[in-house]
Amino acid sequence: MTQQTPGVSPGTEPLDLVESNPGRAEAWVGRLAFTLGPILLAFITCGILLAILGRDPIAFYRDILTGGVLRASGLQDSITRMVPILLIGAGLIVAFRASLWNLGADGQYLLAVAFVAGVGPSVVTAMPPVLGWIVLALGAVAIGAAWTIIPGVLKARYGLNEIVTTLMMSFIGVGIANLLVKGPFKGDQMVPQTGVIPADGMLWDLAGTTIHVGVIVALVVVLIVHVVLTRTSFGTRLDVLGANPRAAVHLGIDVPRLIVVAFMVSGGLIGLAAATDILGTFGYMRADWNPAYGLKVVPLVFLARLNILSLIPLAAFFGVLSIGGDYATRLAHLPNDFILLFVGLMLLFMIVTQYISARRARRDPTLPRRRSAAREATA
Amino acid sequence: MDLLTPEFLTALLAAGIVSGVPLLFASLGETFAEQAGILNVGLEGIMLTGAFVAFMVALATGDHWFGLLGGAVAGMAVSLIMVVFCVRLGLDQIVVGIAIVLCAEGATSVLHDIWYSATYPRLPVVPDFRVPFLSELPILGGSLFSQPLIVYVGVAIVAVSAWAIRRTRWGLELRAAGERPDSLDAAGVSVVRTRTIAQLLCGALAGVGGAYLALVGAGTFVPFVTNGMGFIAIVIAMLARGRPWWSVLGGLLFGISLSMATALQLIGVQIPVDVVQMLPFISVIVVLVVFVRDSRLPSALGMPYLRGSR
Amino acid sequence: MAEILPAAPGMSTAGTTVPAVELSAITKAFPGVIANDRISLQAMHGEVLCLLGENGAGKSTLMSILSGLYQPDSGTIAVDGREVAITSPRTGRELGIGMVYQHLSLIPTLTVLENLMLGSNPGVVLDETAALARLTELSETLGVHVDPTARIGSLALGQQQHIEIIKALWKGSKVLILDEPTSMLTPQGIAELQKVLLGLKTAGLAIIFITHKLHEAIAIGDRVSILKQGRVVGSLGPEDLRGMTAADVQARIVHIMFGDDGGQVAGIAELREGFDPVRARRADRSGTPVILELSAITAPGARGQHGITDASFAVREGEILGIAGVDGNGQRALAEVIAGQRKATAGEIRFAGEPITTLSVSQRQRLGLRYVTDDRLHEGVLGRYPVSINLVLKRIGDAPFWRRGAIDRTAINATARELIREFDIRTPSTDTSIGKLSGGNIQKALLARELSFDPRVVVFNKPTHGLDVRTINMVRERIRALAARGVGVIVISTDLDELIDLSDRVAVLFEGRIAGILDNGPDAATRIGELLVGVESAAAAA
């Protein structure tokens, strides 16, 4: 399987190095249209489907808004939900920019969750909470990173297709996480779940809200990642690897090492997402629980054109969609898997709008200059 | 040891075949697609759709053959998305594949919830076809030679496919499309048409695989019933390197690992469900590592072909 | 004699003869450039029409139109007097136009017979018997021997080309078009090709031979048409060619192609055959230190390609060592093992006396070992990225472009502007995507990148491949200037004329081994040819 996986398709590659005049107003409008268009189309299509299923689309979307934004608790939940999306999205961006398909986020996330939820209760009671959080976060990052080593090394040394390996490791990771929760990490209750982190061991909330400080941590971390990706030599090397692995070798980049490092950074960020979720939101892990962010976040990341700054508002949007979606689907008597359909449609529409804009760019309106000169010569 | 009793082996083999048949169909379909140069990450979504539609049709008509047909048609319909977006327009196969998985998971879960979650209907058991004489053999007789008729149809399809890939004009064009599409174009054959046929065939077969899973394997449909089988089928196809008989082998091996739990329970060995569910994926990683140097994918796999884009 | 063409219309000796193919005022434009500008040509049965023109003159576009890959914007095509529209490669073949592309279009993993049956098999099941019969017929006509069960990937390039010709003639052809067929052939292979073409001519085929090598056109063509910037600027028919000497013809063609500039560019190797003592280089450099030395280096080849086995040679400062050989005999492996992109499985490389066999690519770059790759677009540059970034891609992380880890675009742009000026890179701005530049300018950018920052050894892989004459000139001048500065230079090229023009010594690469190293001199071409033939025959006998 020594086969170079096809790179991220043109139009979805990061713009930072390629874009020459980022200040042009035209370009900004285009980018906005590119991002909002698929979302709008997905809303319309889902609206039609809702109508076919006998639900009122307007009411449904109003409920999303109510549930995700207009209710005070909803808004706060949406912002809280944004935290793992941001970190996982950042993790995916790091990998995708290098054209490495890390599709194993679910396994990386759940293993880190199991760890934090499993040992968390003991750790936060044994030491000052802040120290405990740091220890747990580091552990989560390490576990997330560690779970990418096998696919990373297989790709780096043997060129083994990472789509398959990360997916396989993901299923294995989910299984191990469940085993841990049902076994060594099982709490004192009868139900299959870990112990619960006591309230004073959970992350502090921002004053007067139910939003935990993890959101600050997440924003700071992803902004740092953004700077690294767009302004440092490491980021440039990642981009080069993503643009053309053969050229990367030729240019003197240590490609095998970079592949492993990129994977580990990606996994580490996903592990951090797990830590913030457990320490800030949930406090424990129930067996067979899986929010399945791994595929759901992929459309957001592409819509953001692999740019973290663009990801931030999109993550907020997804937070609203997620919380509001829970609310609206419950009222409409639909399973909240409906959101999967929405997100999948968003991705399909994104790829269509990308195609249309690429077609338009290829059509060069400049007339061949020589033809007119030749006509003058023979006239 | 208790492990080697005829009862256990028969049960293991039988369960293995039941679990393996969806993999057989899906990986055969994926073999066609990969030989033509298409990587179908969305296979999981195609199987899921096939499973759901087959369940729906079989429930409505009461006939599992219509169910299988429905699964095939549904699989082809979903494949059309790959055909239009990837083969005809040249868009990224992996991104479209992910979108297909998301949409299929969402759509089937929602529809199942709306239509069937109140009643959770089950289908009648699909009858086995007992091969005359051979089904009397020990171990193999009760398992290999007593399967629903569709299984033997599947094996026949594999045989035909193996012959077709090597010995027909279309098989040659298929292999060329995956290796050097521009050479195929220069030879005057439509790359788009060749890949379209391959992709639709893949969809039909994967749809049947999913249908079998719902109709025979589970006897019902639950959301996310495929649980990663589509991805395993992709690996089997990669390892098969364009040789359909390996789909049978791969399907059987992974099917057995999938069905270990059921068989082990029969002899009183209790292994946690989670471990058993992980086994096929662990086997895949192990096999990949062991055979890493041995596999050769078509050179143009995953690359869209656009004439004149040199 | 096999049925290559059903009848031979247009072969009447008296009265008018109908051309096999006639192009009238063919025009084809792409955004920003007119590739073919009202081109009119005639190819007659039983004749070889040579289309001569430098790279970028429009030959490939014209051939793509004739073969059905492109449609002309205006103009007509007539086959045997009948106006036709060639809408696809299939139509082209049905009309009897067979095409042999420069980059072989056979599929390496399939067998000879499978490749021949592709697109030609009438029924559902592959009819191997009929295909075998046809293959035997055609190989007899060509006078070659072919193993139908061999995988194409295992055959030598010359043999692959014979199969390509057979494939082009498979369904019965009136016209055979060959696009730069000799670029990959040994001297012996070229001689064989000429024999084959003679046989086909006698059978009544019309042959169109596309080349950028003047001496080839004169040697092979019955009729020569010269293409320049999309137009036919001159034609010499059989009547013209019969009356003149080869030197006269050459002078006439040079004048047509370059007008008054003729003298300036006449020094290009393409136009001459033979060694010019005025530009001779000193081969005796025993005094200068050795800057690069390979000892018994062995490195594996990529899938289907030769690696390097037991290669040893030394390059002195200021010396130009040419590596001659037919493409696919280990050139890429050699270049990559020197650059560090490929690991040597045996042997040692020394740079200025110090072993570097285990050093990485970037470590070697820092020492001053540079590699100008032949694969410009897919390995050398990142097409979508700006020129400015591409110029510093081998210095990622280094000051002044990256200060304390952070990128400094001002510094990058400043350096880029300098290099653009120094190397005369024609680009609208420093931010233009480098993929939009012409091949020549991309090559200049590659040179700018590799030849700056103190190079001490530079490996060039096919440095003038696909470039127009002026850029070829400039590249070769730069190579000579480099050597004059004391840099050790290795030039890998399949173009023997180029190597003789540039090198002090020439090493001959055959199937991954250095067959010999010769000093350059007046009879170098002959000696190299003999060496190649010698090892070829020895290998064939083995």
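Everything numeric here is computed off the predicted structure, so don't read it as measured data. (Residues numbered from 1 in each chain as written. Chains lettered and ligands numbered in written order. Predicted model: local features only at pLDDT ≥ 70, side-chain atom pairs only at ≥ 80, totals over all residues.)

Asker: Please set out the overall build of chain A residue by residue, giving values where relevant.
Answerer: Assigned secondary structure in chain A consists of 15 helices and zero strands. The buried share among the 379 residues of chain A stands at 55%. By sequence separation, contacts in chain A at least 24 residues apart represent 81% of the contacts at least 6 residues apart. (Helix = DSSP H or I, 4+ residues; strand = E, 2+ residues; numbered from the N terminus. Buried ≥ 20, exposed ≤ 12 C-beta atoms within 10 Å, placed from the backbone. Contact = placed C-beta atoms within 7 Å.)

Asker: Summarise the overall build of chain B; cite the residues concerned and give the values.
Answerer: Each helix and strand counted, chain B has 13 helices and two strands in total. In terms of overall dimensions, chain B is globule-like: its C-alpha atoms have a radius of gyration of 19 Å, near the 19 Å expected for 310 residues. With the C-alpha coordinates of chain B rotated into their principal frame, the extents come out at 65 × 45 × 35 Å. Residues classed as buried in chain B amount to 59% of the 310 residues present. In chain B, the proportion of contacts linking residues at least 24 apart, taken out of those at least 6 apart, comes to 78%. (Rg over C-alpha atoms; globule rule 2.2 N^0.38 Å.)

Asker: Any chance you could break down the interface of chain C and chain A for me, citing the residues and the numbers?
Answerer: Quoted interface sizes are often the accessible area lost when the parts come together. Facing the 29 residues of chain C at the interface are 24 residues of chain A. The set of elements that each furnish at least two residues to the side of chain C that touches chain A consists of β2 (33-43), α12 (361-367), α13 (376-380) and β18 (406-407) of chain C.

Asker: Got a sec to walk through helix α1 (residues 59-67) of chain C? Specific residues and values, please.
Answerer: All names here are of chain C. Taken across its nine residues, α1 has nine buried, putting it largely inside the fold. Of all the residues in α1, the buried ones are K59, S60, T61, L62, M63, S64, I65, L66 and S67. One or two positions beyond α1, positive phi appears at G68, with a value near 100°.

Asker: Tell me about unusual backbone geometry, residues and numbers included.
Answerer: We note that F224 of chain B has phi near 60°; this positive angle belongs to a residue other than glycine. Position of F224 of chain B among the secondary structure elements: in the loop between α9 (191-218) and α10 (229-240). Overall, F224 of chain B belongs to the partly exposed group, with 13 C-beta atoms counted inside 10 Å. In the Ramachandran plot, F453 of chain C falls in the positive-phi region, its phi being about 60° despite a non-glycine side chain. Here F453 of chain C is to be found in the loop between α16 (439-451) and β19 (457-461). Of the residues examined, F453 of chain C has 15 C-beta atoms within 10 Å and is grouped as partly exposed.

Asker: Which residues make up the sheet that holds strand β15 (residues 354-355) of chain C, and what are the values?
Answerer: Residue and element names in this part refer to chain C. Read across the sheet, four strands follow the order β12-β11-β14-β15 without closing on themselves; strand pairing throughout is antiparallel. The strands lining the two open edges of the sheet, one partner per strand, are β12 (308-316) and β15. As defined by bridge partners, strand β14 (residues 346-351) adjoins β15 across two bridges and the pair is classed as antiparallel. Bridging from a neighbouring strand, R350 pairs with P355 of β15. Packed onto the sheet, helix α11 (residues 331-339) meets β11 (290-299), β12 and β14 and runs at close to 60° relative to β12. (Pairing = 2+ DSSP bridges. Axes fitted to C-alpha atoms, helices over the stretch in contact; angles between N-to-C directions.)

Asker: Kindly report on the packing of helix α12 (residues 293-303) of chain A against helix α13 (residues 308-331) of chain A, identifying the contributing residues and their values.
Answerer: Residues and elements named next belong to chain A. Where α12 contacts α13, the axes come no closer than 9 Å and their chain directions differ by 145°. Of the two elements, α12 crosses α13, and the hand of that crossing is right-handed. Facing L300, V301 and L303 of α12, the residues of α13 in contact are L311, L314, A315 and F318. A breakdown of the residues in the contact of α12 with α13 according to their chemical character gives seven nonpolar, no polar and no charged. (Left-handed = near helix turned anticlockwise from the far one by under 90°. Nonpolar A, V, L, I, M, F, W, Y, C, P; charged D, E, K, R; others polar.)

Asker: Help me get a handle on the interface of chain B and chain A, residues and values and all.
Answerer: If you look at the interface, chain B gives 44 residues, while chain A gives 36 residues. Elements with a minimum of two residues in the side of chain B that touches chain A: α4 (93-116), α10 and α13 (273-290) of chain B. In terms of residues, the side of chain B that touches chain A owes the most to one element, α4 of chain B, which gives 16 residues. The residue inventory of the side of chain B that touches chain A, partitioned by class, reads 33 nonpolar, seven polar and four charged.

Asker: Help me get a handle on the sheet that holds strand β22 (residues 513-519) of chain C, residues and values and all.
Answerer: Residues and elements named next belong to chain C. Read across the open sheet, the six strands follow the order β16-β19-β20-β13-β21-β22; overall the sheet is mixed. Each end of this open sheet is capped by a strand with a single partner; those strands are β16 (369-372) and β22. Ignoring strand direction, the axes of neighbouring strands in this sheet form an average angle of 20°. When strand β13 (residues 320-324) meets strand β21 (residues 505-510), the two strands line up parallel, connected through four bridges.

Asker: Explain the pairing of strand β3 (residues 48-52) of chain C residue by residue, including any values.
Answerer: Residues and elements named next belong to chain C. Buried residues dominate β3, accounting for five of its five residues. Neither face of β3 is open: one carries V48, C50 and L52, the other L49 and L51, and all of them are buried. Looking at chain direction, β3 and strand β8 (residues 206-211) are connected through five bridges and run parallel. Looking at β8, one finds that L49 is bridged to I208. When β3 meets strand β9 (residues 223-228), the two strands line up parallel, connected through four bridges. For L51, the partnering residue across the bridge sits in β9 and is S225.

Asker: Tell me about the packing of α10 of chain B against helix α11 (residues 245-258) of chain B, and please be specific about residues and values.
Answerer: Residue and element names in this part refer to chain B. Axis separation between α10 and α11 bottoms out at 9 Å; the angle between their running directions is 140°. It follows that α10 is oblique to α11 by the angle criterion. Here α10 runs over α11; the crossing is right-handed. Residues I232, I236, L239 and A240 of α10 pack against W246, S247, G250, G251 and F254 of α11. Taken together, the residues that form the contact of α10 with α11 break down as six nonpolar, three polar and no charged. (Parallel < 35°, antiparallel > 145°, perpendicular 65-115°, else oblique.)

Asker: A description of α13 of chain A should follow, citing residues and the corresponding values.
Answerer: Here α13 of chain A is 24 residues long and its end C-alpha atoms lie 34 Å apart, about the 34 Å a rise of 1.5 Å per residue gives. H333 of chain A sits one or two residues past α13 of chain A and shows a positive phi near 55°. (Expected span 1.5 Å × (residues − 1).)

Asker: Help me get a handle on the confidence of the model for chain B, residues and values and all.
Answerer: Across chain B, pLDDT averages 86, with 91% of residues at or above 70. Across the predicted assembly, pTM comes out at 0.86 and ipTM at 0.87. (pLDDT = per-residue confidence, 0-100.)

Asker: I'd like a rundown of the environment of R421 of chain C, residues and numbers included.
Answerer: All names here are of chain C. Counting through the fold element by element, R421 comes out in helix α15 (residues 409-422). The exposure class assigned to R421 is exposed, which follows from the 10 C-beta atoms found within 10 Å. Placed 27 residues apart in sequence, R421 and A448 show a C-alpha to C-alpha distance of 10.0 Å.

Asker: Please give an account of the confidence of the model for chain A that cites residues and values.
Answerer: Residues and elements named next belong to chain A. Looking at chain A, the pLDDT average stands at 87 and 88% of residues meet or exceed 70. Mean pLDDT values for the elements of chain A range from 31 in helix α15 (residues 369-378) up to 96 in helix α11 (residues 255-282). Note that residues 1-12 has pLDDT below 50 and, in this model, 40 contacts with residues that lie over four places away or in other chains. Overall, residues 364-379 carries pLDDT values under 50, and its contacts beyond four positions in sequence, including any with other chains, amount to 12 contacts.

Asker: Just give me the short version of the environment of S146 of chain B, but keep the residues and values in it.
Answerer: Residues and elements named next belong to chain B. If you trace the backbone, S146 turns up in strand β2 (residues 146-147). Taking the number of C-beta atoms within 10 Å as the measure of exposure, S146 has 19 and is therefore partly exposed. Separated by 104 residues in the primary sequence, S146 and G250 have C-alpha atoms spaced 20 Å apart.

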